[in-house]
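# Fold and contact review
Given next are the chains, with one letter for each unit.
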Amino acid sequence: MDYKAIAQQTIQEVFGYNQDTSGWKVIKNSKKITVSIKASKRFVGNLYRVEGIIPESSTKLSDFLYQPGNRVTWDRSLKAYNMVHKIDSGTFICHTITQSFAMGSISPRDFIDVVYIKYYEGNVAIISSKSVDFPGYPPSSDYIRGYNHPCGYVCSPLKENPAHSKLVMFVQTEMRGKLPPSVIEKTMPSNLINFVLNAKDGLRTRKAPSGSGNHNGHSSSPKKK
């Protein structure tokens, strides 16, 4: 499998999502973070667009979001986020395990994704991810294997204040299992907003060495849904 080619194609798709300004429907607006949706062309589900302002430069923000090492210290939605294979300096294969959601009604999922970062003119960076098959990490009975259709983050300097960034995130995740779509549609917007808030907290903690980021663990439901 040509992971680099998949990564390059995925980042082009994310770039296209960012250029596409028509047909989005705003479904949630909270704490200056906006969540919009449109029907995904990849599966029977939604493509989510999340927008917010981050008080950090786009270069530092993209590096923070891309690096796998400290992800679980600030991203409270994850149990594990590990690089399992490095392709080159900007591309790697990642194994992710999520926490349970919605008070345990959505059990943990795991994902195998190819992650890629690319820099554009004007201090713009895009980080893309897409699920792939990878030897040594087949689906297991411990978790339901989810599938990420092309997802990503677009980090760009805020025009009126280049020391801050505009973050635009695109997510189209197929949770799989036996979950009714209504459960996912109900919980996803709040989870996406929480991700942005967690990233802000994580960046603040990194700036203040005396601070410590803590994250919550949720016990999984005995039955996978």
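Now for a look at the structure at hand. (Residues numbered from 1 in each chain as written. Predicted model: local features only at pLDDT ≥ 70, side-chain atom pairs only at ≥ 80, totals over all residues. Heavy atoms only, no water.)

Residues other than glycine predominantly adopt negative phi, and peptide bonds predominantly adopt the trans conformation. Phi is positive for lysine 31, which is not a glycine, with a value near 55°. With a phi angle near 65°, lysine 32 is a residue other than glycine that sits in the positive phi range. When you line up the elements, lysine 32 lands in the loop between β1 (25-30) and β2 (33-39). Take lysine 32: its relative accessible area is 77%, and that puts it in the exposed class. (Helix = DSSP H or I, 4+ residues; strand = E, 2+ residues; numbered from the N terminus. Buried < 20%, exposed > 50% of the residue type's maximum accessible area, 1.4 Å probe, protein only.)

Computed from the structure, the second largest pocket encloses a volume of approximately 270 Å³. For the second largest pocket, the lining is made up of 16 residues, of which Phe43, Val44, Gly45, Pro181 and Ile184 are closest to its centre. Of all elements in the fold, only β3 (46-54), β12 (173-174) and α4 (181-207) reach the threshold of two or more residues within the lining of the second largest pocket. Considering every element that reaches the lining of the second largest pocket, the biggest residue donor is α4, with 4 residues. Residues of the lining of the second largest pocket, tallied by class, amount to 8 nonpolar, 5 polar and 3 charged. (1 Å grid on protein atoms, 1.4 Å probe; cavity = no way out; pocket = protein on both sides within 12 Å on 5 of 7 lines; lining within 4 Å. Points joined across faces, edges and corners; volume = space filled by probe spheres on them. Nonpolar A, V, L, I, M, F, W, Y, C, P; charged D, E, K, R; others polar.)

Tallied over the entire structure, the rule returns 9 salt bridges. The closest approach of N and O atoms between aspartate 110 and arginine 145, which form a salt bridge, is 2.9 Å. Placement of aspartate 110 in strand β6 (residues 109-120) and of arginine 145 in strand β8 (residues 144-145) is noted, with a sequence separation of 35 residues between them. The exposure classification of aspartate 110 matches that of arginine 145, with both residues buried. Note that aspartate 201 and arginine 204 form a salt bridge whose closest N and O atoms lie 2.3 Å from each other. Here aspartate 201 pairs with arginine 204, and both are found in helix α4, just 3 residues apart, close to one helical turn. Residue classification places aspartate 201 among the partly exposed residues on the basis of a relative accessible area of 31%. (Salt bridge = Lys/Arg side-chain N within 4 Å of Asp/Glu carboxyl O.)

Let's shift gears to the nonpolar core. Most often, soluble globular proteins have nonpolar side chains that are buried together. Grouped together as the largest cluster of nonpolar side chains are 35 residues, with contacts concentrated most on Leu65, Leu167, Met169, Leu192 and Val196. Among the elements that take part in this core, α4 stands out by supplying 8 residues, more than any other. With sequence-adjacent residues up to four places away left out, leucine 192 is seen in contact with Val35, Tyr48, Val50, Met169 and Val171. Counting 18 residues, the second-largest nonpolar core is a separate cluster that includes Ile11, Tyr17, Ile112 and Ile126. (Core = buried A, V, L, I, M, F, W, Y, C linked by side-chain atoms within 4.5 Å. Contact = heavy atoms within 4.5 Å.)

In this section: the packing of aromatic side chains. Using the criterion set out here, one finds 9 aromatic pairs in the structure. Aromatic side chains phenylalanine 15 and tyrosine 120 sit 5.5 Å apart centroid to centroid with 20° between the ring planes, which places their arrangement in the stacked category. Of this pair, phenylalanine 15 sits in helix α1 (residues 3-19) while tyrosine 120 sits in strand β6, and the two are 105 residues apart along the sequence. Phenylalanine 15 gets classed as partly exposed once you look at its relative accessible area, which sits at 31%. The aromatic ring of tryptophan 24 is capped on one face by arginine 49, whose charged end is 5.5 Å from the ring centroid. Above the face of the tyrosine 81 ring, arginine 71 is positioned so that its terminal group lies 4.6 Å from the ring centre. (Phe/Tyr/Trp six-rings, centres within 6.5 Å; stacked < 30°, edge-to-face > 60°. Lys NZ or Arg CZ within 6 Å of the ring centre and 35° of its normal.)

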